[in-house]
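Observations on the three-dimensional arrangement
Next come the chains, spelled out residue by residue.
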Amino acid sequence: MKIRQYIIGAALAVAVLCPTNTQAKGSETQQIHMFGFAASFNDTIVHFTNIQTIDSAWIDRKSDFLLGRQLYSNMLRDYLDKNKMPHRTCIVVYDKSLKKLQKKYLKMRKLYLGTDKKGKKNKNHNIVKDIVESDFKFTAVNMNPEIENQQPGQGSAQKKKK
C-alpha cells in the first residue's frame, strides 16, 4: 500500500515539475489587432496601415508585450523600401482589444493630421498616406525556438537539428 502511494506521489511530482509546453519560454499565441506607422525625418509624409488582425501572435505572459515587434516593423519598412520610400522609421501599435486600438489609431491620426481637440487644423500638420490591406498585410511571426521559420506554403513544421 505504501509503495503504491509513493509511486502515485512521484508521478504527480514529475507531472507538476516537468512541464511539457512546447511554446517559447513564458509566451503564448493569441489573437491581436495591430496597425503600422511610418515616418521620416526628411519629409512630412507619414504612412498608416489599416487595423489588421493577427490570429497567432506571440505575446509574453508576464508583460503582455508582442514578441517579434521588430520583425513586424521590418515588414512595413521593407514594403516601403520596395515602393521607393526608403529611410522610414516604422513602428507597430497593437492591442488585444479592437476598441482600444481604434482609439489609439484615431488619436495618432489626429496628431499627425494636425487637428486640435475641436477639429480645427493647426499649421503644423503632416501629409498622411494610407496603406490599404490589399497592398500590404502583416503576417504572423513564428517565435517558437523549437520550430524553424518556414517559407510560406511549406507543409508541416520541422524541428531544428542539434
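The structure this text deals with has already been given above.
In this report, we go over the structure that sits alongside the text. (Residues numbered from 1 in each chain as written. Predicted model: local features only at pLDDT ≥ 70, side-chain atom pairs only at ≥ 80, totals over all residues. Heavy atoms only, no water.)

Moving on, we come to the overall build of the protein. Within the protein, the regular secondary structure consists of 3 helices and 5 strands. Reading the helices (α) and strands (β) of the protein from amino to carboxyl end gives α-β-β-β-α-β-α-β. The buried share of the protein, reckoned over its 162 residues, is 29%. Taken as a whole, the protein presents about 11,900 Å² of accessible surface, with 56% of it coming from carbon and sulfur. (Helix = DSSP H or I, 4+ residues; strand = E, 2+ residues; numbered from the N terminus. Buried < 20%, exposed > 50% of the residue type's maximum accessible area, 1.4 Å probe, protein only. Areas by Shrake-Rupley, 256 points an atom, 1.4 Å probe, with all protein chains shown as cover.)

Below, the discussion takes up the pattern of salt bridges. Counted under the stated rule, the structure contains 8 salt bridges. Residue arginine 77 is joined to aspartate 78 by a salt bridge in which the shortest nitrogen-to-oxygen separation is 3.3 Å. For arginine 77, a relative accessible area of 31% gives the class partly exposed. (Salt bridge = Lys/Arg side-chain N within 4 Å of Asp/Glu carboxyl O.)

The next subject is the packing of aromatic side chains. The geometry of an aromatic ring pair comes down to the distance between the two centres and the angle between the two planes. Inspection of the entire model under this criterion finds 9 aromatic pairs. Ring centres 6.3 Å apart and planes at 35° place the aromatic pair phenylalanine 35 and phenylalanine 48 in the tilted group. Here phenylalanine 35, found in strand E1 (residues 27–39), pairs with phenylalanine 48, found in strand E2 (residues 45–49); they are 13 residues apart in sequence, far enough to count as distant. Residue classification places phenylalanine 35 among the buried residues on the basis of a relative accessible area of 0%. Judged by its relative accessible area of 0%, phenylalanine 48 falls in the buried class. Plain terms: the ring middles of tyrosine 79 and phenylalanine 136 are 5.3 Å apart, the flat faces sit at 40° to each other, and that makes the pair tilted. With tyrosine 79 in helix H2 (residues 69–82) and phenylalanine 136 in the segment after strand E5 (127–131), this pair connects stretches of sequence that are 57 residues apart. You can call tyrosine 79 buried: its relative accessible area is 19%. (Phe/Tyr/Trp six-rings, centres within 6.5 Å; stacked < 30°, edge-to-face > 60°.)

Time to look at the nonpolar core. Ranked by size, the top nonpolar core spans 18 residues in total, and within it Ile32, Met34, Leu66, Tyr72, Leu76 and Phe138 carry the most contacts. When residues of this core are traced back to their parent elements, those giving at least two are E1, strand E3 (52–60), H2 and strand E4 (89–95). Ranked by the residues each element gives to this core, the list is headed by H2, at 4 residues. Leaving out residues up to four positions away in the same chain, phenylalanine 138 has contacts with Met34, Phe35, Gly36, Thr49, Gln52, Ile54, Tyr72, Met75, Leu76 and Val92. Counting residues in each nonpolar core, the second largest holds 10 residues, with Ala39, Val93, Met108 and Val128 among its members. (Core = buried A, V, L, I, M, F, W, Y, C linked by side-chain atoms within 4.5 Å. Contact = heavy atoms within 4.5 Å.)

Burial of E4 is extensive: 5 of the 7 residues sit out of reach of the surface. As paired strands, E1 and E4 are joined by 7 bridges and run antiparallel to one another. Each bridged residue has a counterpart across the sheet, and for alanine 39 the counterpart in E4 is threonine 89. (Pairing = 2+ DSSP bridges.)

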